[in-house]
Amino acid sequence: MEAVTEPGKIRNIAVAGHRGVGKTSLVEALLFQAGKTNRLGTVEAGTTAADWDDDEQKRQMSLSGALLNLDWQGRKINLIDCPGDAGFQADTLAALRVVEGALVVLSAVMGVEVNTLRVWKRADEYELSRVVFINMLDRERADFFRVLEAVRSQLSDRCVAIHLPIGAEHEVSGVVDLLHMCAYMDPTGGKEGGPQPIPEDLAAQVQEYREKLLDAVVETNEDLMARYLDGEELPTEDVAEALKDAVTRDELYPVACGVASKNLGTTAMLDLLVEGVPSPSKKGTTIEFGDAKQAMFVFKTIADPFAGRISCFRVLAGPITGDTTLVDPRTHAKERLGQILLLNGKENAPVESLCVGDLGAVAKLKDVVTGDVLVDHEVPVEPPHIDFPEPVMSFAITPKAKGDEEKMATGLRRLSEEDPTISLRRDPQTGEQLISGLTQMQVEVAVDRLKSRFNVPVELHPPRVPYKETIRKEARARHRYKKQTGGRGQFGDCEILIEPMQNGEGEPEYEFVDKIVGGVISQGFRPAVDKGVREAMEHGELAGAPVYGIRVTLVDGMMHQVDSSEMAFKIAGSMAFKEAYQKADPVLLEPIMELDVTVPDDAVGAVNGDLNSRRGRLHGLEPAAGMTTIKAEVPLAEVLTYSQALTSMTGGRGDYHMSFLRYEEVPAHVAQKIIEETKKEREEAKA
Ligand SMILES: Nc1nc2c(ncn2[C@@H]2O[C@H](COP(=O)(O)OP(=O)(O)OP(=O)(O)O)[C@@H](O)[C@H]2O)c(=O)[nH]1
Ligand SMILES: [Mg+2]
């Protein structure tokens, strides 16, 4: 493809929305209609340009953002096909950061869904221009007008229909373009033919919606309004231009429709992207690049096992060519870009240069990661912060083969370069390697890829809960450690008082107070008592969990001129602690999580009931546009595999966020079980 040299001739569009509404199919159809590809691939057959990855084809869903481009009316349209599944939203959020426009796709059956709202909210934050596409008009129970109303009430009342369906469900036979006042007939998977006259029997309805559209457009443009009120027949170009201005300023969101899998509605959509969505020169991004003459922002990294690392970027200042050398202010490393590529899913094509606003890719940048801004000279730029959601669920992960730990860690590091919401860490308390992510499926995909790309088969287990222990009252104990064996013996004797303690913020802490008087234990040995106590506290007597929230006072003791040693006092301290601990009413503590669950209104009852059975405490309900957010506190032990449960309760329409709140005492009947289990485990370990 020829390099585009004018930002005004580019459109950058993220195709986003809820899972499975036909985004990839729509992108496929747009490429086909524009002549970029010569057959219409399908998700079922795994032949779409955007879902090119094996894992995507196996699961018949998008797992990462795919960058593609096509030509229409002399414009280059860059499309980023975003995954709809919540687990893979990192790419969607990154894509929204680098485009002027979002093409929000909805199902004409399901209407506004969880991820539609999420995408819409993020697009609000970034002030993106938006076009809505109501897809799947051919499905049973599809209803364009019902979904249009839902869109207007749940997304924005500035949404206005620009296309209408002809017929409904399996009888849908075309779409009407209300801007150009023409129709396109159902090509059933072939190329869409040229514009046709609007069917007579639709005249009244078309007239009604054409007026709504014109009213909405002239509302945003005084000059046009005056002419409209004068009764002038407004030329299409003038309406289109005013529409684009309104879309640019976020004052209107045109709503289109079609059947992606049959290629219906694509001509009108392509026209709309060109005529109704702003180019980089009209809108642009807010990403900073100081006074750099050449700059780019890396919004995505592909860890290709063959081509190596591929960095997808947006040109912030340019043009940029393969000879361009840029510096990464984060690492101060200089990189010559090398061959610039235009991506089309799996395919890539070399291109001479990219102008400001264009999207492209380069291979093999060494130390560049997603989120970096590269500039031609070191300017103090603040790279844009993309607010990725925190991972909410963790699994313990172990390689199937012993000795593969390092390989597993390296593989996961590479995968988290691709998807920053996947992370690996070692739990300092339980010693387990934990892989964390947003959903179970996301973690499972990472596991598949560890095997297929890095040849490390691994296993997942529910993680251990990081329990802790503390005491409820004070207690005293004295221990004498004494050994007489032939030559030099061992002697240490100490008495300690332990009591519950918290710091000023109510946080549990540890403190050692030395109250020895008259030197009954010499200065040199007292820290050994402290050491012994700390060691004993690492594994509490209840469930082997670390003990905290305790003040230990060394009150008395005794020493032997010859036999006393640090070692002996350490043991005495440790034993004294264990004895005192038993008497101090020790209790088991568990992490309590703050949980926000967002589900469709009709699932609230079931989800609440389930939370109750998980020892959850409900704090409130926040209804918003057909979805309700349930706020609750739940013990971590009860929600280790919550994602599965929520998926089955809501048919995959639920979504949750979880964060650590505080430690709390485990109720006695639950604690008893855990203590017994630990005991059994210990005995088994000994046997
Ligand atoms: N009947 C009908 N089926 C469609 C239409 N568009 C897409 N599909 C089918 O719906 C399913 C999902 O389509 P995709 O294109 O993968 O949807 P998506 O939004 O890209 O899905 P994710 O990327 O996983 O979020 C596939 O089986 C498509 O063939 C349509 O207009 N009508
Ligand atoms: Mg898809």
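Provided above is the structure to which this section pertains.
So, here's what we can say about the structure. Here the residue index of a chain counts from 1 through its sequence in written order. Whichever chain is written first is A, and whichever ligand is written first is 1; the rest continue in order. It should be noted that, the model being predicted, local features are given only for residues of pLDDT at least 70 and side-chain atom pairs only at 80 or more, the latter also being counted only at that level, while totals for whole chains, interfaces and linings use all residues. The side-chain quantities take in all heavy atoms of the structure and omit both hydrogens and water.

So, on to the nonpolar core. Of all hydrophobic cores here, the largest spans 117 residues; its most connected members are Ile-77, Leu-79, Ile-80, Leu-103, Phe-144 and Met-269. For helices the rule is a DSSP run of H or I covering at least 4 residues; for strands it is a run of E covering at least 2, with both sets numbered from the N terminus onward. Of the residues forming this core, the biggest block, seven residues, is contributed by helix α6 (residues 203–218). Contacts are assigned to residue pairs that have any heavy atoms within 4.5 Å of one another. For Ile-77, the contacting residues outside a window of four places in its chain are Arg-11, Ile-13, Leu-68, Asn-69, Leu-70, Trp-72, Leu-270, Leu-273 and Val-274. Note on terminology: a nonpolar core comprises buried Ala, Val, Leu, Ile, Met, Phe, Trp, Tyr and Cys residues joined through side-chain atoms within 4.5 Å. Exposed residues in this analysis have more than 50% of their type's maximum accessible area, buried residues have under 20%, and partly exposed residues fall in between, with area computed by a 1.4 Å probe over protein chains only. Residues Leu-415, Ile-496, Ile-498 and Phe-577 belong to the second largest nonpolar core, which totals 72 residues.

Turning our eyes to something else, we now look at the environment of Met-658. Its place among the elements puts Met-658 in strand β33 (residues 655–665). Exposure remark for Met-658: the relative accessible area of 7% places this residue in the buried category. Sequence separation between Met-658 and Glu-594 is 64 residues, and the spatial gap between their C-alpha atoms is 5.6 Å. Those residues in contact with Met-658 that sit more than four places away from it in its chain are Val-392, Met-593, Glu-594, Leu-595, Leu-636 and Val-639.

Right, let's get into the packing of aromatic side chains. Stacked, edge-to-face and tilted are the three classes for Phe, Tyr and Trp ring pairs, Trp counted by its six-membered ring, which pair at centre distances within 6.5 Å; planes under 30 degrees apart are stacked, over 60 edge-to-face, the rest tilted. One pass over the full model with this rule turns up eight aromatic pairs. Here the aromatic rings of Phe-577 and Tyr-581 are separated by 5.4 Å at their centres, their planes lie at 25 degrees, and the arrangement is stacked. With Phe-577 and Tyr-581 both in helix α13 (residues 566–583) and four residues apart, this pair spans about one turn of that helix. Residue classification places Phe-577 among the buried residues on the basis of a relative accessible area of 2%. Look at Tyr-581 and you get buried, because its relative accessible area is 1%. Residues Tyr-642 and Tyr-656 carry aromatic rings whose centres are separated by 5.2 Å and whose planes lie at 90 degrees to one another, so their mutual orientation is edge-to-face. Residue Tyr-642 is located in helix α15 (residues 642–650), and its partner Tyr-656 is located in strand β33; the two are separated by 14 residues in the primary sequence. Here the two residues Tyr-642 and Tyr-656 agree in accessibility, since each one is buried. Aromatic rings pair up to connect Phe-144, Phe-145 and Tyr-209 into one cluster. Counting as a charge over the ring demands two things of the Lys NZ or Arg CZ atom: a distance within 6 Å of the ring centre and an angle within 35 degrees of the ring normal. Above the ring of Trp-120, the side-chain terminus of Arg-130 is found at 4.6 Å from the ring centroid.

Quick look at the packing of helix α10 (residues 405–418) against helix α11 (residues 440–454) now. Orientation is described by axes fitted as lines to C-alpha atoms, over the contacting stretch for helices, and by angles from 0 to 180 degrees between their N-to-C directions. At a minimum axis separation of 10 Å, α10 and α11 run at an interaxial angle of 115 degrees. Regarding the angle of α10 to α11, the classification is roughly perpendicular. Handedness of the α10/α11 crossing: right-handed. Contact residues: α10 offers Lys-407, Met-408, Gly-411, Leu-412, Arg-414, Leu-415 and Glu-418, while α11 offers Ala-446, Arg-449, Leu-450, Arg-453 and Phe-454. For this classification, the nonpolar set comprises Ala, Val, Leu, Ile, Met, Phe, Trp, Tyr, Cys and Pro, the charged set comprises Asp, Glu, Lys and Arg, and every other residue, Gly included, is treated as polar. Residues of the contact of α10 with α11, tallied by class, amount to six nonpolar, one polar and five charged. When describing relative orientation, an angle under 35 degrees is termed roughly parallel and one over 145 degrees roughly antiparallel, while 65 to 115 degrees is termed roughly perpendicular and anything else oblique. Crossings are classed by handedness, with left-handed meaning an anticlockwise turn of the near helix from the far one by less than a right angle and right-handed meaning a clockwise turn.

Glancing now at the side chain of Asp-250. Here Asp-250 is to be found in the loop between α8 (236–248) and β10 (253–257). For Asp-250, the residues in contact, after removing those within four places along its chain, are Glu-127, Leu-128, Ser-129, Arg-130, Arg-158 and Lys-283.

All right, on to the sheet that holds strand β7 (residues 163–166) then. At least two DSSP bridges between two strands are needed for those strands to be called paired. As summarised here, the arrangement of the three strands in space is β7-β8-β9, forming an open sheet in which the pairing is antiparallel. A single partner strand is all that each edge strand has here, and the edge strands are β7 and β9 (182–185). Here the strands of the sheet are splayed against their neighbours by 25 degrees on average, with no regard to which way each runs. Strand direction decides the pairing type here: strand β8 (residues 174–177) and β9, joined by four bridges, are antiparallel. When the bridges of β9 are listed, Val-175 appears paired with Tyr-184. Running over the sheet, helix α9 (residues 266–276) touches β7, β8 and β9 and is turned about 130 degrees from β9.

The next thing to look at is the packing of helix α12 (residues 526–538) against α13. Where α12 meets α13, the closest approach of the two axes is 7 Å, and the angle between their N-to-C directions is 45 degrees. In terms of axis orientation, α12 runs oblique to α13. Note that α12 runs across α13; the crossing there is right-handed. Facing α12, whose interface residues are Ala-528, Val-529, Lys-531, Gly-532, Val-533, Glu-535, Ala-536 and Met-537, α13 presents Glu-566, Phe-569, Lys-570, Gly-573, Ser-574, Phe-577 and Lys-578. Grouping the constituent residues of the contact of α12 with α13 by class yields seven nonpolar, three polar and five charged.

Now for the coordination of the magnesium ion (ligand 2). Coordination sphere of the magnesium ion (ligand 2), protein contribution only: Thr-24 (OG1) and Ser-62 (OG), at 2.0 Å. Here Thr-24 is found in helix α1 (residues 23–33), whereas its partner Ser-62 is found in the loop between α2 (54–59) and β2 (66–72), with 38 residues between them in sequence. Under the relative-accessibility criterion, Thr-24 is labelled buried at 6%. Because no water is among the atoms considered, metal sites can look incomplete, with donors defined as N, O and S atoms within 2.8 Å of the metal, or 3.2 Å for Na, K and Ca.

All right, on to the pattern of salt bridges then. Here a salt bridge means any side-chain nitrogen of Lys or Arg lying within 4 Å of a carboxyl oxygen belonging to Asp or Glu. Following the criterion strictly, the structure yields 47 salt bridges and no others. For Asp-238, the salt bridge goes to Arg-227, with nearest N and O atoms at 2.8 Å. In this pair, Asp-238 sits in helix α8 while Arg-227 sits in helix α7 (residues 222–229), placing the two residues eleven residues apart along the sequence. Arg-551 serves as the salt-bridge partner of Glu-499, at 3.8 Å between the closest nitrogen and oxygen. Residue Glu-499 is found in strand β27 (residues 490–500), and its partner Arg-551 is found in strand β29 (residues 550–558); the two are separated by 52 residues along the sequence. A single salt-bridge network, built from bridges that share partners, covers Arg-476, Arg-478, Arg-480, Asp-493, Glu-495 and Asp-556.

This next bit is on helix α16 (residues 668–686). Helix span is expected to be 1.5 Å times the residue number reduced by one. Under the 1.5 Å per step criterion, the end-to-end length of α16 is 27 Å for 19 residues, consistent within 8% with the ideal 27 Å. Tucked into the core, α16 has its buried residues touching β30 (586–600).

Every one of the 20 residues lining ligand 1 counts as a neighbour, but Arg-19, Lys-23, Ser-25, Glu-44 and Ser-62 are closest to it. As used in this structure description, the phrase polar contact means that two N or O atoms lie within 3.5 Å; if the pair is within protein, one of them must be able to donate a hydrogen and the other to accept it, and residues adjacent in sequence are counted only when both atoms belong to side chains. One of the side-chain nitrogen or oxygen atoms of Asn-135 is found 3.0 Å away from an oxygen atom of ligand 1. Here an oxygen atom of ligand 1 sits 3.3 Å away from a polar atom, N or O, in the main chain of Met-136. Accessibility throughout is a Shrake-Rupley quantity obtained with a 1.4 Å probe, and a residue counts as covered only by protein chains that appear here. When ligand 1 sits alone it has 650 Å² of accessible area, and the protein chains cover 90% of it. No other element matches the three residues that α1 contributes to the shell around ligand 1. The criterion for a residue being near a molecule or strand is simple. One of its heavy atoms has to lie within 4 Å of it.

What follows is about the pairing of strand β22 (residues 423–426). Looking at chain direction, β22 and strand β23 (residues 433–437) are connected through four bridges and run antiparallel. Among the inter-strand pairings, Leu-424 is bridged to a residue of β23, identified as Ile-435. Between β22 and β23, which follow one another and run antiparallel, lie six residues, and Gly-431 among them has a positive phi close to 75 degrees.

Judged by how many residues are buried, strand β21 (residues 393–399) sits mostly within the fold: six of seven residues are covered. As paired elements, β21 and β23 share four bridges and run antiparallel to each other. When the sheet's bridge partners are listed, Phe-395 is paired in β23 with Ile-435. The pairing of β21 with strand β24 (residues 458–461) spans four bridges and is classified as antiparallel.

As a further point, take α6. Each full turn of the α-helix corresponds to 3.6 residues, which orients residues three or four apart in the same direction. The end-to-end C-alpha distance of α6, which contains 16 residues, comes to 22 Å, matching closely the 22 Å that a straight helix rising 1.5 Å per residue would cover. Those residues of α6 that fall on the buried side of the exposure criterion are Val-206, Tyr-209, Arg-210, Leu-213, Leu-214, Ala-216, Val-217 and Val-218.

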